[in-house]
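Here is what each chain is made of, one letter per residue.
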Amino acid sequence: DAKTTQPPSMDCAEGRAANLPCNHSTISGNEYVYWYRQIHSQGPQYIIHGLKNNETNEMASLIITEDRKSSTLILPHATLRDTAVYYCIVRVAGYSGAGSYQLTFGKGTKLSVIP
Amino acid sequence: DSGVTQTPKHLITATGQRVTLRCSPRSGDLSVYWYQQSLDQGLQFLIQYYNGEERAKGNILERFSAQQFPDLHSELNLSSLELGDSALYFCASSVGSGVNPSSTDTQYFGPGTRLTVL
């Protein structure tokens, strides 16, 4: 799977949009971009994923650049409960052999939402 | 709540001992994954089972083993425990192993078991 690069930390004011960037310049055409977050020591929580089109759900929006080399996770109105480590993960779509579905976590971005 | 349950929440044991961690996947999910999160290594994939069969192995030590039962719950067995095995152990589940090429097969994580080896 392609590697990802994320800033180690970011701050965001409560109520403002949080924009978390991720670089995945070596992504392949059949690889999805996934976002998870981990609040304190809880289990990672699935947020959203996408292939090439922008995606939106009740939690967030995912903007993927046209060349797919980077993406941005947007939390439209950050609250204190959004303080967490956010992981951007690139993973192959479909089954391409043993281990193809495992998630490879990097260090993520620690987002601090400030009151 | 992801629908994945793990027991126990906390486990404290001594070096050299053996423990069993249990995971129940979301209803309808056939795949179970185990991950370890330690302070120095981050979140690492250990092993995956699909419908009772081992499907993939990651950085799992030989002292560790897992299985998935006919009712699809899974157990992770850790033996000859060392201080360095202290970590959070997470289980995740997904619908399937994704033999459909278009399937993204999202994984949903449980709350984890915190293992402390003294």
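Engineer: Tell me about the layout of surface pockets, and please be specific about residues and values.
Structural biologist: What the largest pocket holds in volume is close to 550 Å³. Around the largest pocket, the lining is made up of 22 residues, and of these A:Y87, B:Q37, B:S38, B:L39 and B:G42 lie nearest the centre. Only β8 (84-92) of chain A together with β4 (31-38), β5 (42-50) and β9 (87-94) of chain B provide two or more residues apiece to the lining of the largest pocket. When residues of the lining of the largest pocket are assigned to their parent elements, the largest contribution, three residues, is made by β8(A). Taken as a whole, the second largest pocket holds about 360 Å³ of empty space. If you go around the second largest pocket, you meet 13 residues; those closest to its centre are A:G43, A:Q45, B:D1, B:S2 and B:F109. Taken together, the elements giving at least two residues each to the lining of the second largest pocket come down to β4 (45-50) of chain A together with β10 (108-109) of chain B. The residue inventory of the lining of the second largest pocket, partitioned by class, reads seven nonpolar, five polar and one charged.

Engineer: If you had to explain the sheet that holds strand β3 (residues 19-24) of chain B to someone new, which residues and values would you point to?
Structural biologist: What links the strands of a sheet is backbone hydrogen bonding, and the strands pair in either a parallel or an antiparallel sense. Residue and element names in this part refer to chain B. Here four strands make up an open sheet; going across it, the order is β1-β3-β8-β7 and the pairing antiparallel. Each of the sheet's edge strands pairs with one partner strand only, and the pair in question is β1 (5-7) and β7 (64-68). This sheet shows a mean twist of 15° between the axes of neighbouring strands, independent of strand direction. Bridge count for β3 against strand β8 (residues 74-78) is five bridges, and the pairing is antiparallel. Its bridge partner being in β8, R22 is matched across the sheet by E75.

Engineer: Run through the pattern of salt bridges, naming residues and quoting values.
Structural biologist: Counting across every chain of the model gives four salt bridges over all chains. Ionic pairing is found between A:D82 and A:R37, a salt bridge with its closest N-O pair at 2.8 Å. Of this pair, A:D82 sits in the loop between β7 (70-75) and β8 while A:R37 sits in strand β3 (residues 31-38), placing them 45 residues apart in sequence. The pair A:D82 / A:R37 is uniform in exposure class, with both members buried. Between B:E82 and B:R63 there is a salt bridge, with the nearest N and O atoms lying 3.7 Å from each other. In this pair, B:E82 sits in the loop between β8 and β9 while B:R63 sits in the loop between β6 (53-57) and β7, placing the two residues 19 residues apart along the sequence.

Parameters at a glance
Residues numbered from 1 in each chain as written. Chains lettered and ligands numbered in written order. Predicted model: local features only at pLDDT ≥ 70, side-chain atom pairs only at ≥ 80, totals over all residues. Heavy atoms only, no water. 1 Å grid on protein atoms, 1.4 Å probe; cavity = no way out; pocket = protein on both sides within 12 Å on 5 of 7 lines; lining within 4 Å. Points joined across faces, edges and corners; volume = space filled by probe spheres on them. Helix = DSSP H or I, 4+ residues; strand = E, 2+ residues; numbered from the N terminus. Nonpolar A, V, L, I, M, F, W, Y, C, P; charged D, E, K, R; others polar. Pairing = 2+ DSSP bridges. Axes fitted to C-alpha atoms, helices over the stretch in contact; angles between N-to-C directions. Salt bridge = Lys/Arg side-chain N within 4 Å of Asp/Glu carboxyl O. Buried < 20%, exposed > 50% of the residue type's maximum accessible area, 1.4 Å probe, protein only.

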